[in-house]
Amino acid sequence: MGKGKIIVLEGMDGCGKSTQLQLIVDALKEKGLPARLVSFPNYDSDSGRIIKSYLNGDIPCDGTVGAYAASSFYAADRYISFNTEWKDAYERGDVIFCGRYTTSNAIYQMTKLESGERDSFLAWLWDHEYKKLGLPKPDKVFFLDMPLDVSQKLLTMRYNGDETKKDVHERDLEFLKRCRENALYTAKRCGWELIECSENGEPLSIDVIHQRILSITEELINV
């Protein structure tokens, strides 16, 4: 059997990414297909603790250099995860669903760069992780697109109306706006599958979004 597939789900906080990941993995398993879910970053690993230190501000990563340095922390986490946890499953033909992946660096770390630097950063990123580190390139990247006003409402519901429970990124609307712009830019440039998750200012149902992802996934893996 040949190598499996890497399918990535990306999306801003509040878009329902975790729910959709579990649904798609369960749907394929019900069909008797080998599917596995991995999620990044793994904060419980040694490499994940470095990322925690970065997010806590213990490791300064600002400006252009910071985009590359911070990306390297996350890349190391993926490299270790791949080589110690799911490489064998991938190589025997399993479908690997990733909650965030190399693609997340394109969304979040590019906020540290000017718009004119994005293409050179993307070229470096793909070369660094897929060629230099040897991580498998995704066969499909879904971006679950939820407008910020809708995702903010969902986050508020998640926290039962307590806005103080939102983390610093969830509260920073300008940061989230730049992240979404980066995601849409990269999606267009790199051929990501854009999944619209709302209509007329309201979120679509979980099942409608799931069926869209499932249909494209089944076509990809020839179910």
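To start, this report covers the structure provided alongside it. (Residues numbered from 1 in each chain as written. Predicted model: local features only at pLDDT ≥ 70, side-chain atom pairs only at ≥ 80, totals over all residues. Heavy atoms only, no water.)

1. Concerning the pairing of strand 4 (residues 140–145)
Most of strand 4 sits inside the fold, with six of its six residues counted as buried. The two faces of strand 4 match: Lys140, Phe142 and Leu144 on one face and Val141, Phe143 and Asp145 on the other face are all buried. Strand direction decides the pairing type here: strand 1 (residues 5–11) and strand 4, joined by five bridges, are parallel. Bridge pairing in strand 4 links Leu9 to Phe142. Looking at chain direction, strand 4 and strand 5 (residues 193–196) are connected through four bridges and run parallel. Pairing of Leu144 across the sheet is with Ile195, part of strand 5. (Buried < 20%, exposed > 50% of the residue type's maximum accessible area, 1.4 Å probe, protein only. Helix = DSSP H or I, 4+ residues; strand = E, 2+ residues; numbered from the N terminus. Pairing = 2+ DSSP bridges.)

2. Quick look at helix 8 (residues 173–190)
The end-to-end C-alpha distance of helix 8 is 25 Å, a good match for the 26 Å that 18 residues give at a rise of 1.5 Å each. Buried within helix 8 are the following residues: Phe175, Leu176, Cys179, Asn182, Ala183, Thr186 and Ala187. Buried residues along helix 8 cover an arc of 135° about the axis, so they all sit on one side. Positive phi shows up at Gly191, right after helix 8, with a value of about 75°. (Expected span 1.5 Å × (residues − 1). Arc of directions from axis to C-beta.)

3. Points about the sheet that holds strand 5
Spatial ordering of the open sheet is given by 2-3-1-4-5, a layout of five strands whose pairing is parallel. Where the open sheet ends on each side, the last strands, each with one partner, are strand 2 (35–39) and strand 5. The sheet shows a mean angle of 20° between the axes of neighbouring strands, taken without regard to direction. Inspection of the sheet shows strand 1 paired to strand 3 (residues 95–99) by five bridges, in the parallel sense. Pairing of Leu9 across the sheet is with Gly99, part of strand 3. (Axes fitted to C-alpha atoms, helices over the stretch in contact; angles between N-to-C directions.)

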